[in-house]
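Descriptive analysis of the structure
Letter by letter, the chains look like this.
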Amino acid sequence: MKTINNNNGRCYVSIKSFNKYIKNHFLKISILLMCVNLLSACALSSQSTDKEEAEDKHISFLYNFSTNSLDPHVDSSYVPLRAGITETLVRLDEENLTVAPWLAESWEGMDGQHWTIKLREDVTFQNGNKMDAEAVKASLERALKESVAVQNALKIDKIEADGYTLHISTTQPFPEFVSELVNPNVSIIDVTEKDIVNMPVGTGPFALKSFTPGSKLELERYADYWDGASNLDSVTFAFNEDANARSLALKSGQVDIVYRPEVESLEALRAQDGIKVESTATFRVHQMTMNMERENLQDVNVRRAVNAMIDRQKIVDTILLGYAEPAIGPFLPSLPFAPSYEKAETGLDIAEKHLKEAGYSLENGKMQKDGVPLKFTLLTYSARADLPLIAQVFQSDAKRIGIDIEIRQIDGPEEYMASNREWDLATYSNLTAPRGDAGYYLNATYHPTGALNFSGAHEPELTAIIDKLNQTVIQEERAVLAEQAADFVHENVINSFVLHPSTIVAYNENKVKNWLTTRSEYYMITNALDVK
């Protein structure tokens, strides 16, 4: 800016210079104002992000079994259904022990062989595709193709799709067909998706965001869920087979819900402010599975001896700390098809008596027959923390009458027992009435075609009872047949039953809202689950 001085001391500025001065300063002020606005916007954006993060509703759930596959049609851990990704056509009403509508709204099959199933018309998969009869047909057909167990369970001959109606024919009259559709292995998924093993797409309230095999699933709310979107934004469904580690994770606040915490930690968990411990009787039994393909165990007296050696009350009191009840048969005594058993004689002296009848005697501290010591290989697995402890108690008691037990720790018990037959006994846990009916357990565990027939049982009389059960409609008659089957198993000691465990769950009650500990162990992450 050029300044001109005159004689009277006044200063004058040229118009041209003045305009230039104003222009430059205006530009600087404009830039300054823009910076201020940007900073304000960033601050508001940061506040908004912080608010969104603060309002994010998330729950972390820690489960006791891990899985490397999420294929719902073959996954024996049932994680896709338990995590709220998939659903089945019908579900178990646990209060009434009846089958209730879910993805199917109604069904009929008066002759027990030809079924008409009406589907809900407001359901979509988590990718937005409609769940119509064609999609359900494709899903069921894939399950049948991928799993022999599903084939044997459903006995489907033909499926026809018509809009939102399915017409299904079974290979024989099968009155309990609809109850078998409760099975998580017949979850309905969109089979047009490419990676079903790692990223299945179902109809449940939570869509899978990511899966780390053997570690965890990250789930996010499915906003268009047909039964009302969850209030939760996301869920982490993680795995840890170490019961102590699960308990510690809850105590430290790393997770919000722990399934089956360590029993020894329950008192400490209850003492910690904000942690609630729940337990409920389940349709589960811990059993001693006997491999009847092994020569020693083909003698019923040896099996009776094994049964007599199990000190059930001691195991309930010392290992489960009372969170169980001793078992005689597979079914909870409260179930309508559970037999009433006479009190059996047990104890090491009774076991020795049965072994004597089998030709064994105790010589030089060893139970033997024809100079050959009696030995057993006993399988167990750590995912259920009490099973290895039961194995150790059994090993200790057996040693007192000269029987050596080799405990073999395994992973994936179903796969191992099915493919490897070089074992004698196994501590195994099984759901016996997850559909509210005896048919599932009896078919799976004792029928020659059963997916869980690890004992290798092939008893024509027992098979005939189960086959008749499968074709019987009237519940009272079904209960009678179920009792007959359970009595046969008991009398012939095809497997031995240790206890009915309670399901124990511990969670942060200051945060978790609407958690429900179920008897079936199927329904865990639901759209009702929320945070406070």
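The shown structure was predicted, so the numbers you read here are calculated from the model rather than taken from an experiment.

Tallied over the full model, the rule gives 18 aromatic pairs. A centroid spacing of 6.0 Å and a plane angle of 70° characterise the contact between F237 and F239, whose relative ring orientation is edge-to-face. Given a relative accessible area of 0%, F237 falls into the buried group. Consider the rings of Y522 and Y523, whose centres lie 5.9 Å apart with planes at 85°: the pair is edge-to-face. There is no split in this pair, since Y522 and Y523 are both buried. One cation-aromatic arrangement involves R91 over W102; the distance from NZ or CZ to the ring centre is 4.7 Å. The positively charged end of K155 is found above the aromatic ring belonging to F174, 4.6 Å away from the centroid.

In this section: the pattern of salt bridges. Note that side chains of opposite charge can pair when their charged atoms are close. Under the counting rule described, the total for this entry stands at 23 salt bridges. A salt bridge links E278 to K276, with the shortest nitrogen-to-oxygen separation between them at 3.8 Å. Note on E278: relative accessible area 19%, which makes it buried. Two residues, R421 and E293, come together in a salt bridge whose shortest N-O distance is 3.1 Å. Residue R421 is located in the loop between α12 (413-419) and β22 (425-431), and its partner E293 is located in the loop between β15 (284-290) and α8 (300-309); the two are separated by 128 residues in the primary sequence.

Turning our attention to the sheet that holds strand β9 (residues 165-170). Pairing is antiparallel across the open sheet formed by four strands, whose spatial order is β6-β7-β9-β8. With partners counted over all chains shown, the strands left at the sheet margins are β6 (104-108) and β8 (156-162), one partner each. Each neighbouring strand pair of the sheet contributes to a mean axis angle of 20°, computed without reference to strand direction. Inspection of the sheet shows β8 paired to β9 by six bridges, in the antiparallel sense.

Rules and cut-offs
Residues numbered from 1 in each chain as written. Predicted model: local features only at pLDDT ≥ 70, side-chain atom pairs only at ≥ 80, totals over all residues. Heavy atoms only, no water. Phe/Tyr/Trp six-rings, centres within 6.5 Å; stacked < 30°, edge-to-face > 60°. Buried < 20%, exposed > 50% of the residue type's maximum accessible area, 1.4 Å probe, protein only. Lys NZ or Arg CZ within 6 Å of the ring centre and 35° of its normal. Salt bridge = Lys/Arg side-chain N within 4 Å of Asp/Glu carboxyl O. Helix = DSSP H or I, 4+ residues; strand = E, 2+ residues; numbered from the N terminus. Pairing = 2+ DSSP bridges. Axes fitted to C-alpha atoms, helices over the stretch in contact; angles between N-to-C directions.

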